[in-house]
Amino acid sequence: MSTTLSMWLGITFLILAITAVLLQAWLWGFPMEPPGDPEGKSTAPRRWVTLHRLVGASYVLIYIVMMSAMVPRLWEYQFELPARTVIHAVAGITIGVLLLTKISILRFFQHFGGGLPAIGLGLLLCTVILATLSLPFAMRAHGIGGKILEAENLARVGTAL
């Protein structure tokens, strides 16, 4: 996968996470029918619930695409990973665990549905961590928001090497 595609998928991934949590927060404000029944039917508008599901499905799809490209890269490292990479990998793996938990609750364990907002917030937190660890560097490498290939930066890297 090219770094450009990876960068844009990462930006989209972050936007989807923010959108999903905002929709979730709004949709959870609607009462359940019958009133007070946590396993009842939500009175939230169906099209917004459907949009939340589409955003979530897109998020999962991007996660699968990114993981299919990133996990094999982990085995290519011949030395100890830098701290930023370790945190990035841990956040990515945590997203996978949270997604499996959320899907399991939605499909099989609806009685744990009250925990879904916390899981959604955890997904957002891990996504923001991933984005802040990788997107600024990817964007600078592509000339967005800074000139990484300026002579001053190249000289500094040459001295460090």
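Model, not experiment: these values are computed from the prediction.

Scoring rules and cut-offs
- Residues numbered from 1 in each chain as written.
- Predicted model: local features only at pLDDT ≥ 70, side-chain atom pairs only at ≥ 80, totals over all residues.
- Heavy atoms only, no water.
- Helix = DSSP H or I, 4+ residues; strand = E, 2+ residues; numbered from the N terminus.
- Contact = heavy atoms within 4.5 Å.
- Areas by Shrake-Rupley, 256 points an atom, 1.4 Å probe, with all protein chains shown as cover.
- Phe/Tyr/Trp six-rings, centres within 6.5 Å; stacked < 30°, edge-to-face > 60°.
- Buried < 20%, exposed > 50% of the residue type's maximum accessible area, 1.4 Å probe, protein only.
- Expected span 1.5 Å × (residues − 1).
- Bend = angle between axes of the 7 residues up to and from the residue.
- Patch = residues over 30% accessible without salt bridge, like charges linked within 9 Å, V, L, I, M, F, W, Y side chains within 5 Å.
- Salt bridge = Lys/Arg side-chain N within 4 Å of Asp/Glu carboxyl O.
- Axes fitted to C-alpha atoms, helices over the stretch in contact; angles between N-to-C directions.
- Parallel < 35°, antiparallel > 145°, perpendicular 65-115°, else oblique.
- Left-handed = near helix turned anticlockwise from the far one by under 90°.
- Lys, Arg positive; Asp, Glu negative; His and termini not counted.
- Charge placed at Lys NZ, Arg CZ, Asp CG, Glu CD.
- Nonpolar A, V, L, I, M, F, W, Y, C, P; charged D, E, K, R; others polar.
- Core = buried A, V, L, I, M, F, W, Y, C linked by side-chain atoms within 4.5 Å.

The next thing to look at is the overall build of the chain. When its secondary structure is counted, the chain shows 5 helices and 2 strands. Moving toward the C terminus, one meets the helices and strands of the chain in the order α-β-β-α-α-α-α. Here the analysis covers contacts within the chain between residues at least 6 apart in sequence; of these, 69% occur between residues at least 24 apart. Counting only carbon and sulfur atoms, one obtains 71% of the accessible surface of the chain, whose full area is about 10,800 Å².

This paragraph deals with the packing of aromatic side chains. A full pass over the atoms with the stated rule returns 5 aromatic pairs. Between Phe108 and Phe109, the ring centres sit 6.4 Å apart and the planes meet at 70 degrees, which makes this aromatic pair edge-to-face. Classification of Phe109 as partly exposed rests on a relative accessible area of 38%. Geometrically, the ring pair formed by Phe109 and Phe112 is tilted, given 6.5 Å between the ring centres and 50 degrees between the ring planes. In this structure an aromatic cluster arises from ring pairing among Trp26, Phe30 and Trp48.

All right, on to helix α2 (residues 46–74) then. Spanning 29 residues, α2 covers 41 Å between terminal C-alpha atoms, matching the ideal 42 Å at 1.5 Å per step. At Met67, α2 is deflected by roughly 30 degrees, the largest bend along its length. Buried within α2 are the following residues: Val49, His52, Val55, Tyr59, Ile62, Tyr63, Met66 and Ala69.

Next up on the list: a nonpolar patch on the surface. Together, Met1, Leu5, Leu61 and Val65 make up an exposed nonpolar region whose accessible area comes to about 360 Å². Structurally, the position occupied by Leu61 is in helix α2. Given a relative accessible area of 55%, Leu61 falls into the exposed group.

Here we come to the packing of α2 against helix α3 (residues 83–107). Interaxial distance between α2 and α3 falls to 11 Å at its minimum, and their mutual angle equals 140 degrees. Judged by the inter-axis angle, α2 sits oblique to α3. Judged by the sense of rotation from one axis to the other, the crossing of α2 with α3 is left-handed. Touching His52, Tyr59, Val60, Tyr63 and Met67 of α2 are Gly92, Ile93, Ile95, Gly96, Leu99 and Lys102, all from α3.

Judged by side-chain charge, Lys41, Arg46, Arg53 and Arg107 come together as a positively charged surface patch. If you trace the backbone, Lys41 turns up in strand β2 (residues 41–42).

Between helix α1 (residues 3–27) and α2, the least distance of the axes is 9 Å, while the angle of their chain directions is 150 degrees. It follows from the interaxial angle that α1 and α2 lie roughly antiparallel. The handedness of the crossing between α1 and α2 is left-handed. Contact with α1, carried on its side by Ser6, Leu9, Thr12, Phe13, Leu16, Ala17, Thr19, Ala20, Leu23, Gln24, Trp26 and Leu27, involves Trp48, Val49, Leu51, His52, Val55, Ser58, Tyr59, Ile62, Tyr63, Val65, Met66 and Met70 of α2 and no other residues of that element. Looking at the contact of α1 with α2, its residues break down into 18 nonpolar, 6 polar and no charged.

Let's shift gears to the nonpolar core. Judged by nonpolar contacts, the single largest core of 22 residues is most densely connected at Phe13, Tyr59, Ile62, Ile95, Leu99 and Leu123. When sequence neighbours within four positions are dropped, the list of residues in contact with Ile62 reads Leu9, Thr12, Phe13 and Leu16. Residues Met7, Ala131, Leu135 and Ala138 belong to the second largest nonpolar core, which totals 5 residues.

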